[in-house]
Amino acid sequence: MKSHVADYRTRVYCARIEPVGSQPIVRLTSYPTALKMSNDAVYHSTSGYEFSGLSATADMSGSGVDLDGILQAGGISLDDLQVGAYDNARVYIFATSWAAPVEDEEPLSLLFFGKVDITDHKYRVQLMSAIDVLSQKVGRNYSPSCPWTLFDQHLGGNLIATSRSRCTGPRANPDGPQMADYLVTGTLTAVTDQYQFSDSTRLEADDWFGYGEIQFTTGANAGLKPFQIKVFASGAFTLHEALPYPPQVGDAYQAIPGCRKRLQDCRDKFGNAINFGGQPHVPSKTVYSQRGRGA
């Protein structure tokens, strides 16, 4: 039983989106006008927004909620969604009374900001129930490739959770490769499109930055998330995904080399084979499941 429920005569639904990073909290209400809560928090009208509906079941199954049109107002921009600024944000759904609104008066659900679909300037965000966390696989799997993230962090100083931070791990070489020793900076000297551009001053070997990251420090893309490099050859970068804005000649960037999770990368490129997390010599299922043949 709930300890408290909102007055059914003046009942209204509200949602609060709390991002993982430093982005502002987004507060929405289904009431026609903004509501000021008892703690002075203001929940803005969801005009232009639409929830697909919230349901509760007697079993432990999770429920998904879709939130449409979230970019039209309320503080989340197209840039925020394209760079994943609100990925894994917590979404609190609650009911209250529009006559005397109280934040979290009747908690209804805790959801997580999930997959975002952007089509024809219409946006849909899948909000996943917290119970879905129980359906996620945990623990390590045997794989020939390394599961760790190079340097244990991404550009911008975002440290990786413990389960993925073993590149500089607790083995014989606890220091491992350090990002500061491999970080480079430069400016673009030629631009093909939002996927391809180059810096003619880069003298590193082909594929040195393959699977690495690049982040712009000036220009229209400055301050956005780091982007993964698909191919690097003769000073030319090719990305896996397009930059949100067209880059320009002279845009400054910082970049780090990549690791393709192979033993030869870890050993020959970074001298860190002692911390390699893969099992390249474990036979695959097609090998160990074969039956022996008689002479």
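Everything numeric in this text was worked out from a predicted model, so none of it was measured.

A. Summary view of the overall build of the chain. Summing up its helical and strand segments, the chain has four helices and 16 strands in all. A buried classification covers 37% of the 295 residues belonging to the chain. The long-range share in the chain, meaning contacts at least 24 apart out of those at least 6 apart in sequence, stands at 58%. Accessible surface for the chain amounts to roughly 17,100 Å². Of this, 51% is attributable to carbon and sulfur atoms.

B. Quick look at the pairing of strand 7 (residues 90–97). Among the eight residues of strand 7, six are classified as buried, and the element is accordingly described as predominantly covered. Direction of pairing for strand 1 (residues 11–18) relative to strand 7: antiparallel, over a ladder of eight bridges. Counterpart to Ile17 in the pairing with strand 7 is Val91.

C. Representation of the pattern of salt bridges. Overall, the coordinates contain 13 salt bridges when judged by the stated rule. A salt bridge links Asp104 to Arg16, with the shortest nitrogen-to-oxygen separation between them at 3.1 Å. Highlighted residues: Asp104 in the loop between strand 7 and strand 8 (106–119) and Arg16 in strand 1, separated in sequence by 88 residues. Among the ionic pairs, Asp207 bridges to Arg260, the shortest N-O distance being 2.8 Å. Residue Asp207 is found in the loop between strand 12 (196–198) and strand 13 (213–216), and its partner Arg260 is found in the loop between strand 16 (252–256) and helix 3 (263–269); the two are separated by 53 residues along the sequence. By relative accessible area, which is 30% here, Arg260 ends up partly exposed.

D. Summary view of the packing of aromatic side chains. Inspection of every chain in the model, using the stated rule, returns twelve aromatic pairs. Both rings, one in Phe151 and one in Tyr182, keep their centres 5.6 Å apart while their planes meet at 40°; by these two values the pair is tilted. Residue Phe151 is found in the loop between strand 9 (122–129) and helix 2 (179–182), and its partner Tyr182 is found in helix 2; the two are separated by 31 residues along the sequence. Since its relative accessible area comes to 4%, Phe151 is described here as buried. Consider the rings of Phe209 and Phe232, whose centres lie 4.9 Å apart with planes at 80°: the pair is edge-to-face. Pair noted here: Phe209 is in the loop between strand 12 and strand 13 and Phe232 is in strand 14 (residues 227–233), with a separation of 23 residues, a long-range link. By the burial criterion, Phe209 is buried, and Phe232 matches it. Through a chain of ring-to-ring contacts, three or more aromatic side chains come together here, namely Phe197, Phe209, Phe216, Phe232, Phe237 and Tyr253.

E. Main features of the sheet that holds strand 13. Taken together, the seven strands give an open sheet; going across it, the order is 10-16-13-14-15-12-11, and neighbouring strands pair in antiparallel fashion. Across the chains shown, the open sheet's two edge strands, defined by having one partner strand only, are strand 10 (184–187) and strand 11 (190–191). When strand 11 meets strand 12, the two strands line up antiparallel, connected through two bridges. Its bridge partner lying in strand 12, Val191 is registered against Phe197.

F. Expanded view of the nonpolar core. Ranked by size, the top nonpolar core spans 15 residues in total, and within it Phe197, Phe209, Ile214, Phe216, Phe237, Leu239 and Tyr253 carry the most contacts. Of all elements in the fold, only strand 13, strand 14, strand 15 (236–239) and strand 16 reach the threshold of two or more residues within this core. Element by element, the count of residues in this core is highest for strand 14, at three residues.

G. Region of the structure containing the pairing of strand 16. Most of strand 16 sits out of view: five of its five residues are buried. In strand 16, alternate side chains face the same way, and those of Ala252, Gln254 and Ile256 on one face and Tyr253 and Ala255 on the other are all buried. Alignment of strand 10 against strand 16, held across four bridges, turns out to be antiparallel. Bridge pairing in strand 16 places Thr187 opposite Ala252. Bridge count for strand 13 against strand 16 is four bridges, and the pairing is antiparallel. Along strand 16, the bridge assignment pairs Phe216 with Tyr253.

H. Broad picture of unusual backbone geometry. Residues other than glycine seldom take positive phi values, yet Asp104 does so here, at roughly 60°. Backbone geometry places Tyr211, a non-glycine residue, at a positive phi of 70°. Along the chain, Tyr211 falls in the loop between strand 12 and strand 13. Residue classification places Tyr211 among the partly exposed positions, given a relative accessible area of 33%.

I. View of the environment of Gly223. Mapped onto the elements of the fold, Gly223 is located in the loop between strand 13 and strand 14. A residue is classified by how much of its surface remains accessible, and Gly223, at 70% relative accessible area, is exposed. In this structure, the C-alpha to C-alpha distance between Gly223 and Gly156, residues 67 residues apart in sequence, is 9.0 Å.

What counts as what
Residues numbered from 1 in each chain as written. Predicted model: local features only at pLDDT ≥ 70, side-chain atom pairs only at ≥ 80, totals over all residues. Heavy atoms only, no water. Helix = DSSP H or I, 4+ residues; strand = E, 2+ residues; numbered from the N terminus. Buried < 20%, exposed > 50% of the residue type's maximum accessible area, 1.4 Å probe, protein only. Contact = heavy atoms within 4.5 Å. Areas by Shrake-Rupley, 256 points an atom, 1.4 Å probe, with all protein chains shown as cover. Pairing = 2+ DSSP bridges. Salt bridge = Lys/Arg side-chain N within 4 Å of Asp/Glu carboxyl O. Phe/Tyr/Trp six-rings, centres within 6.5 Å; stacked < 30°, edge-to-face > 60°. Core = buried A, V, L, I, M, F, W, Y, C linked by side-chain atoms within 4.5 Å.

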